[in-house]
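Here is how the chains run, residue by residue.
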Amino acid sequence: MQEHERRRYFRINETVGITYHVLEGDDANNAPAEHAPDILGLVSKQDQRIEKLLLEIADENPKVAELVTVFNQKLERVVSQLVMESRLMGRIARRVREANLSACGVAFQNDESIQEGARLKMELTLYPSESSMILHGIVVGCQKDETDGWYWRIDFYGMTESLQEALIQHVVKSQSQQIKSFKGN
C-alpha cells in the first residue's frame, strides 16, 4: 500500500472481532473472488435437480429412487453438521481485541509472529452491530511489542467498492461516536 493511500482514510482505535487464516500456495497468489461461493445455495440447487430426477426414475426403478433419496438425506446431514461446526469454530476462533482500523487496513496486537508479505483471509466483526465482513489482507509489518507480543499491520486488498464503502461508513460512525463521548466527559 502506498503511503499516500494510508492517509486517505480515517483511522480509529476500537474493539473488533478478528478471525484469520493464513493463505498458502495457490490461495495466496490468486486475488479474492468478488463474492465467496454460497455453498448452501449450491446445495439447494443440486437438491432441486435430484428431486426432479428422482421423480423421473421413481416409476421405472423405485429401489434406485429410494436408495438415492436415502443417500441424499445422509449427505444433507453431513453438510448440515459441517456448516454448524464451521460456524462454531468461527465463533470460538474469533478474538475480540483492540485494533487500529481504517478502510484500507487494520493493525492489532497478537501473541504470535507472522512473516511480512503473508496473505490472510480475515473475518472482521464490527461492534456494536456485530456485522461481519470477509476481507483479504497482506501483512505489511510485524514488530515485537512491549508486552512480548507482536504488532501486526495488514493492508486489505481485492475489496469490492461496496465492502470498502461499508467499512468507511463504520469508521466514520465510530469516530463520530467517540468524539461525542469525549466531548461528554
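Given the structure is predicted, the values throughout are model-derived calculations rather than measurements.

## Quick look at the pairing of strand β6 (residues 150-157)
Turning to step 1, where the next piece is worked out: In the sheet, strand β3 (residues 105-110) pairs with β6 via 6 bridges, with the strands oriented antiparallel. Across the sheet, the residue bridging to Ala-107 is Arg-153, located in β6.
Turning to step 2, where the next piece is worked out: As defined by bridge partners, strand β5 (residues 131-144) adjoins β6 across 8 bridges and the pair is classed as antiparallel. Paired with Gly-137 across the bridge in β6 is Phe-156.
Turning to step 3, where the next piece is worked out: Hairpin connection between β5 and β6: a loop of 5 residues separates the two successive antiparallel strands, and Asp-148 in this loop has a positive phi of roughly 65°.

## Details of unusual backbone geometry
Turning to step 1, where the next piece is worked out: With an omega of 10°, the peptide bond between Tyr-127 and Pro-128 qualifies as cis.
Turning to step 2, where the next piece is worked out: Looking at the element boundaries, Pro-128 is found in the loop between β4 (119-126) and β5.
Turning to step 3, where the next piece is worked out: At Glu-130, a position not held by glycine, the phi torsion is positive, near 60°.
Turning to step 4, where the next piece is worked out: Although it is not a glycine, Asp-148 adopts a positive phi angle of roughly 65°.
Turning to step 5, where the next piece is worked out: Structurally, the position occupied by Asp-148 is in the loop between β5 and β6.

## Describing the pairing of strand β1 (residues 12-23)
Turning to step 1, where the next piece is worked out: When β1 meets strand β2 (residues 95-102), the two strands line up antiparallel, connected through 7 bridges. Bridge pairing in β2 places Ile-12 opposite Leu-101.
Turning to step 2, where the next piece is worked out: Across 8 bridges, the pairing between β1 and β4 is antiparallel. Counted as the bridge partner of Thr-19 is Glu-123 from β4.

## Some details on the nonpolar core
Turning to step 1, where the next piece is worked out: Core analysis: the biggest nonpolar cluster contains 24 residues, and Leu-101, Val-106, Phe-108, Met-122, Leu-124, Ile-154 and Phe-156 have the highest contact counts within it.
Turning to step 2, where the next piece is worked out: Listing elements by their share of this core, those giving two or more residues are β1, β2, β3, β4, β5, β6 and α5 (161-184).
Turning to step 3, where the next piece is worked out: When residues no more than four places from it in sequence are discounted, the contact partners of Ile-154 are Cys-104, Gly-105, Val-106, Phe-108, Leu-120, Met-122, Gly-137, Ile-138, Val-139 and Val-140.

## Looking at the sheet that holds β3
Turning to step 1, where the next piece is worked out: The strand order around the closed barrel built from 6 strands is β1-β2-β3-β6-β5-β4, with neighbouring strands paired in antiparallel fashion. Taken pair by pair, the neighbouring strands of this sheet meet at an average axis angle of 45°, ignoring direction.
Turning to step 2, where the next piece is worked out: As judged from the 4 bridges shared by β2 and β3, these two strands associate in the antiparallel manner. Paired with Ser-102 across the strands is Gly-105, a residue of β3.

## Brief notes about the packing of aromatic side chains
Turning to step 1, where the next piece is worked out: Scanning the entire structure with this criterion turns up 2 aromatic pairs.
Turning to step 2, where the next piece is worked out: Aromatic side chains Phe-108 and Trp-152 sit 5.5 Å apart centroid to centroid with 40° between the ring planes, which places their arrangement in the tilted category. Taken as a pair, Phe-108 in strand β3 and Trp-152 in strand β6 lie far apart in primary sequence, 44 residues in all.
Turning to step 3, where the next piece is worked out: We classify Trp-152 as buried; its relative accessible area is 1%.
Turning to step 4, where the next piece is worked out: Following the ring pairs from residue to residue traces out a cluster consisting of Tyr-20, Phe-108 and Trp-152.
Turning to step 5, where the next piece is worked out: The positively charged end of Arg-119 is found above the aromatic ring belonging to Tyr-157, 4.9 Å away from the centroid.

## A few points about the environment of Val-64
Turning to step 1, where the next piece is worked out: Positionally, Val-64 belongs in helix α4 (residues 62-93).
Turning to step 2, where the next piece is worked out: The spacing of Val-64 and Leu-54 is 10 residues in sequence and 8.8 Å in space, taken between C-alpha atoms.

## Considering the confidence of the model for the protein
Turning to step 1, where the next piece is worked out: When pLDDT is averaged along the protein, the result is 80; 79% of the residues meet or exceed 70.
Turning to step 2, where the next piece is worked out: Element-level mean pLDDT values for the protein span from 45 in helix α1 (residues 3-6) up to 95 in β6.
Turning to step 3, where the next piece is worked out: Contacts for the low-pLDDT stretch residues 31-36, under 50 throughout, to residues beyond four places or in other chains number 4 contacts.

Criteria and cut-off values
Residues numbered from 1 in each chain as written. Predicted model: local features only at pLDDT ≥ 70, side-chain atom pairs only at ≥ 80, totals over all residues. Heavy atoms only, no water. Pairing = 2+ DSSP bridges. Helix = DSSP H or I, 4+ residues; strand = E, 2+ residues; numbered from the N terminus. Core = buried A, V, L, I, M, F, W, Y, C linked by side-chain atoms within 4.5 Å. Buried < 20%, exposed > 50% of the residue type's maximum accessible area, 1.4 Å probe, protein only. Contact = heavy atoms within 4.5 Å. Axes fitted to C-alpha atoms, helices over the stretch in contact; angles between N-to-C directions. Phe/Tyr/Trp six-rings, centres within 6.5 Å; stacked < 30°, edge-to-face > 60°. Lys NZ or Arg CZ within 6 Å of the ring centre and 35° of its normal. pLDDT = per-residue confidence, 0-100.

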